[in-house]
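# Examining the three-dimensional arrangement
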Amino acid sequence: MAAGGRASEPPAELSHYVVARPIYSEPGFQEENERRPPLPPTLRERAQAACRCSRKRAFQIAKSFLPILEWLPNYRVKEWLISDIISGLSTGLVATLQGLAYALLVAVPVGFGLYSAFFPILTYFFLGTSRHISVGNCMCSSPFPVVSLMVGSVVLSMAPDENFLIEGSNATGTNVTGVLIDTESRDAQRVLIASTLTFLVGILQVIFGVLQIGFIVRYLADPLVGGFTTAAAFQVLVSQLKIVLNVSTKNYNGVLSIIYTLVETFEKIGTTNIADLIAGLLTIFVCMVVKEINDRFKHKIPIPIPIEVIVTIVATGISYAADLEKKYNAGIVKSIPRGFLPPEPPNVSLFSQMIAASFSIAIVAYAIAVSVGKVYATKYDYAIDGNQEFIAFGFSNIFSGAFSCFVATTALSRTAVQESTGGKTQVAGIISAGIVLISIVALGKLLEPLQKSVLAAVVIANLKGMFMQVFDVPRLWRQNKVDAMIWVFTCIASIILGLDLGLLAGLLFGLLTVVLRVQFPSWGGFGNIPGTDIYKKVKDYKNVIEPEGVKILKFSSPIFYANIDGLKSSLKSTVGFDAVKVYNKRLKALRKIQKLIKKGKLKATKNGIISEPGINNEAFETDEEPEDNQDLQVPTKEVEIQVDWNSELPVKVNIPKVPIHSLILDFGAVTFLDIVAVRSIKTIIKEFERIDVRVYFASYQDNLISQLERGAFFDDTVRKDIFFLTVHDAVLYIRNQMTYSDNQDPIFEKISLMQESKEPIEFTEASQPDDELDVQEEAMRRLAS
């Protein structure tokens, strides 16, 4: 070992490698390695595979739909049962309180929160694939009370207080002045809307699961979710603030609704109920302090302190003993129904009014649930099935919707409690449901004196984690500015437009950034590190050398109709000229040369074009004709003449120099080509070929060859032998070709002179002495070189 504990450097001979192999083009590699073309299964074979049935296959299908058949037979009673019982008891106490608290977000009577903490667990026990997540009220704690708030926004928009004014009342809500609304009818309608929405969300989730589109949640990127949930935290804070203050406001919905609510709350802050305010502030302070203790000493505290349960019990006792409702007009829960309501069908006529919101709720609820489930699945080394989770939550919501519940998903804090207290399987979830059942049947009456401000304060205390996400923005900005912009845009849009439209706007903005990054990808000219087969950007490294006469372009993106112009632009920048303009300029020069030959001012010989001896060089005419980018060819006979286009010509036409003879396109980062790209690339090849620049392709993926074949890319002029496995293969091939050509004959660019007349140009047979002819030929060769 070297000093400092580092391993010694390996010997020099072990830090190098030498590879000797042939130069591989695509046809050569396929032939040498006997490529086996993939044979896709026929329709009959697919049908046979899908329809075959056996006892084993039937049992596998049953286990995939009912995962309980997979894990319950393997349940270790002696090892797991005690842990699941302890975990279930602890989780059940938290679920009872949070069921009451988060009913406030949904704008339904708090007792219905208990139903939503009970029924979803029953179906998820049989259909779910996660062993640890606790199912119930929509993310009933930090950091995601999002779904409950989204459901509540739909409920308030469809059943505002204004629709239930008692006849003769001119106000819009119940407040200390005694203005009344028909709360019984209002609450009944809101419960119906929430349960109908839950039923519709369940139907959508089942459809998504059956269609195997669980992948859709991948489009909810972490920055988008971070901005969205932070905006939701702000919405939750504002909605619960008026409950803590016991201030009555209108129910605003739509664009800027949260701003209007906040403004009206502060306008009426003079009507604050002091008893509710003090109870709320104390609850927030105590809950946040204890939660901080739980977090800092989580390795020393085996079971997190259930501070919400403790605060609720203490607050209920104080409210009952001090009779806060009568003495201080405090807002209390008042009544919690005992037992269960009979199941009711959903109001199908409401589906059309809530279909858009239900779609976003279904996706968000599923996305958060699967994200939490994957965390614990990774920790405990098992897998969850995303599509089956869609089905499990879908049936849970359909079943719950019939019993006056609101949308179910994973409750993060309850999941943390269930896991940290030793929960091993969903048996702990069933036991927690039993505790909620006891609360519904027997303990509901004891919680009626509880102040609503305490429940609202519990919700606010759980928002810390969501607001702390704001500190992710500076880190995101340093790491990736586009992700930071997605976070900020989604957050602002969700606050201004509302959660449903804000989520859609954030999703579209995120997709737009992807499209723009694909449409304007990175590209660059590459060169070789001498003595290696490594190629890097020329502008990034001093020691990189471009092969003589060769340009290498790497385009780092799929190529399709939206960015094909970007490929053409990067080609022009890399090679330093426009192939089409070069070709047109050369045709223009040839037309002038042809005119001069007709006038006798130039002679065309087999060795090139020479001026008539003894005549002033009138051939150097000014380039007065306007640029014409159209094809300048005319149907005439051809005469081959030899012209060095990089030397001074006997006509004054500004022709761009072409200092290269080969162009290599590195397609290592190109994943697919559409038909527009295939046609455009073939056109590019022809444009460069006609100015004597050969185009090669390297480092392509195998699927690109198949796409090119399907797009009729290959023909007699464009063959597979211009495709090479690596850039270095292409460079070595070009070098060998150039060496062979140099040994045969000097390279002259051969251009076809298109004549306007039908009569071919007669080559001038020189009658000068041999010495004079040799001098002229030598001069022409110098010109051509």
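Residues numbered from 1 in each chain as written. Predicted model: local features only at pLDDT ≥ 70, side-chain atom pairs only at ≥ 80, totals over all residues. Heavy atoms only, no water.

### Considerations on the overall build of the chain
A tally of regular secondary structure across the chain gives 28 helices and twelve strands. A total of 785 residues make up the chain; the buried ones form 47% of that total. Sequence separation of at least 24 residues holds for 80% of the intrachain contacts in the chain that already meet a minimum separation of 6. Carbon and sulfur atoms make up 59% of the accessible area of the chain, which totals about 40200 Å². (Helix = DSSP H or I, 4+ residues; strand = E, 2+ residues; numbered from the N terminus. Buried < 20%, exposed > 50% of the residue type's maximum accessible area, 1.4 Å probe, protein only. Contact = heavy atoms within 4.5 Å. Areas by Shrake-Rupley, 256 points an atom, 1.4 Å probe, with all protein chains shown as cover.)

### Considering the side chain of Thr283
Secondary-structure assignment places Thr283 in helix H11 (residues 274-296). Thr283 gets classed as buried once you look at its relative accessible area, which sits at 5%. A distance of 2.7 Å separates a polar atom in the side chain of Thr283 from the backbone oxygen of Ala279. When sequence neighbours within four positions are dropped, the list of residues in contact with Thr283 reads Val311, Val454, Ala457 and Val458. (Polar contact = N/O pair within 3.5 Å; in protein donor to acceptor, adjacent residues only side chain to side chain.)

### Some thoughts on the nonpolar core
Ranked by internal contacts, the top residues of the largest apolar core, which has 107 residues, are Val108, Val110, Val151, Met354, Ile361, Val364 and Leu455. No other element matches helix H14 (residues 351-379), which puts 16 residues into this core. Those residues in contact with Val151 that sit more than four places away from it in its chain are Val106, Leu197, Ile361, Phe406 and Val407. Membership of the second largest hydrophobic core comes to 49 residues, among which are Tyr535, Phe555, Val575 and Tyr583. (Core = buried A, V, L, I, M, F, W, Y, C linked by side-chain atoms within 4.5 Å.)

### Concerning the pattern of salt bridges
Following the criterion strictly, the structure yields 19 salt bridges and no others. We note a salt bridge from Glu79 to Arg76, for which the minimum N-O separation is 3.6 Å. Note on Glu79: relative accessible area 51%, which makes it exposed. The class for Arg76 is partly exposed, based on a relative accessible area of 46%. (Salt bridge = Lys/Arg side-chain N within 4 Å of Asp/Glu carboxyl O.)

### As for the packing of aromatic side chains
For the structure on display, the rule yields 32 aromatic pairs. Their ring planes at 20 degrees and their centres at 4.3 Å tell us that Phe489 and Phe509 sit as a pair that is stacked. With Phe489 in helix H21 (residues 481-497) and Phe509 in helix H22 (residues 499-519), this pair connects stretches of sequence that are 20 residues apart. Classification of Phe509 by relative accessible area gives buried; the value is 18%. For the ring pair Tyr696 and Tyr733, a centre distance of 5.9 Å and an interplane angle of 70 degrees mean the geometry is edge-to-face. (Phe/Tyr/Trp six-rings, centres within 6.5 Å; stacked < 30°, edge-to-face > 60°.)

### With respect to helix H26 (residues 702-710)
If you check which residues of H26 are buried, you get Leu704, Ile705, Gln707 and Leu708. Projected down its long axis, H26 carries its buried residues within an arc of 165 degrees, all on one side. Facing away from the buried surface of H26 by more than 90 degrees, the exposed residues are Asp702 and Arg710. Looking at the packing, one finds that the buried side of H26 touches helix H1 (26-33), helix H25 (675-689) and strand S11 (723-724). Backbone geometry just after H26 places Ala712 at a positive phi near 55 degrees. (Arc of directions from axis to C-beta.)

### Here we look at the sheet that holds strand S4 (residues 535-537)
Here we have six strands laid out as an open sheet, ordered S4-S3-S5-S9-S10-S11, and mixed in their pairing. Across the chains shown, the open sheet's two edge strands, defined by having one partner strand only, are S4 and S11. The strands touched by H25 are strand S9 (662-666) and strand S10 (694-698); relative to S10, the strand with the most contacts, the crossing angle is about 140 degrees. (Pairing = 2+ DSSP bridges. Axes fitted to C-alpha atoms, helices over the stretch in contact; angles between N-to-C directions.)

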